[in-house]
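# A closer look at the structure
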Amino acid sequence: TVASRLMERVYITDFGADRTASVDSCTAITNALAAIPATNVAPYGTEIFFPAGIYITSCFPAVADRSVSIRGSGSGTTQITFTSNVAGKAGLSFTYGVAYAGLHPTIEGLHLSTVAVQTNGNACISATFNSSATSSTSKGTTIRDVVCDGDNSTTYWADGVKCAYCEFLSVA
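Residues numbered from 1 in each chain as written. Predicted model: local features only at pLDDT ≥ 70, side-chain atom pairs only at ≥ 80, totals over all residues. Heavy atoms only, no water.

## Overview of the overall build of the chain
- What the chain contains, in helices and strands, is two helices and 13 strands.
- The long-range share in the chain, meaning contacts at least 24 apart out of those at least 6 apart in sequence, stands at 80%.
- Looking at the chain as shown, the accessible area adds up to about 7500 Å², and 54% of this sits on carbon and sulfur atoms. (Helix = DSSP H or I, 4+ residues; strand = E, 2+ residues; numbered from the N terminus. Contact = heavy atoms within 4.5 Å. Areas by Shrake-Rupley, 256 points an atom, 1.4 Å probe, with all protein chains shown as cover.)

See the structure below:
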């Protein structure tokens, strides 16, 4: 069923994302994130999958208190290019409150690029866990096969990877 599929893997192209870099995929990304049930709090949760291609987007809403991983076909074949430098509109961002501190987002198989200088603090990847979560709660992020860069020598991210109140950050 669609409901069970949304608990496992969502193809961003099912929501209208364009993988030819011709059309802004902001609406498709927003709709895909909104379609994932808020009750989905399994540790590794729903995967939003970006098939091979180049996606441009003027936004990527923050993932808040939801178990979501973002994956592509590989950093050499799946690229997401961010076109905005507005604070909170570029990069992959995850935030978790006390009740959700045991979630473990995974970012894998992506080339994350910016064509705008990120002077408003946007990190390529950011995960923030609530500092009040108990020490027995595992708080962390896994990043594999990810490239973060600007599109030339004049564009860059404010930060590469930020992980606040993480107990682990696995980068491979």
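From this point, the discussion proceeds with the structure in view.
## Details of the state of the cysteines
- What the rule picks out here adds up to two disulfides.
- One disulfide in the model links Cys26 with Cys59; its S-S distance is 1.8 Å. Taking the torsion about the S-S bond as the criterion, the Cys26 to Cys59 disulfide, at about 90°, is right-handed. One end of the pair, Cys26, is in helix H2 (residues 26-35); the other, Cys59, is in the loop between strand E4 (53-57) and strand E5 (63-64), with 33 residues separating them in the sequence. For the pair shown, Cys26 and Cys59 are each scored as buried.
- At a sulfur-sulfur separation of 2.1 Å, the disulfide partner of Cys124 is Cys148. In this structure, the disulfide formed by Cys124 and Cys148 twists by about -80° around the S-S bond and is classed as left-handed. A residue pair is termed long-range when its members are at least 10 positions apart, and Cys124 in strand E10 (residues 123-129) and Cys148 in strand E11 (residues 140-150) qualify at 24 residues. (Disulfide = S-S within 2.5 Å. Buried < 20%, exposed > 50% of the residue type's maximum accessible area, 1.4 Å probe, protein only.)

## So, the pattern of salt bridges
- For the structure shown, the criterion picks out five salt bridges.
- Close ionic contact of Arg9 with Glu47 constitutes a salt bridge, the shortest N to O distance being 2.4 Å. Placement of Arg9 in strand E1 (residues 9-11) and of Glu47 in strand E3 (residues 46-50) is noted, with a sequence separation of 38 residues between them.
- The class of Glu47 is buried, set by a relative accessible area of 11%. (Salt bridge = Lys/Arg side-chain N within 4 Å of Asp/Glu carboxyl O.)

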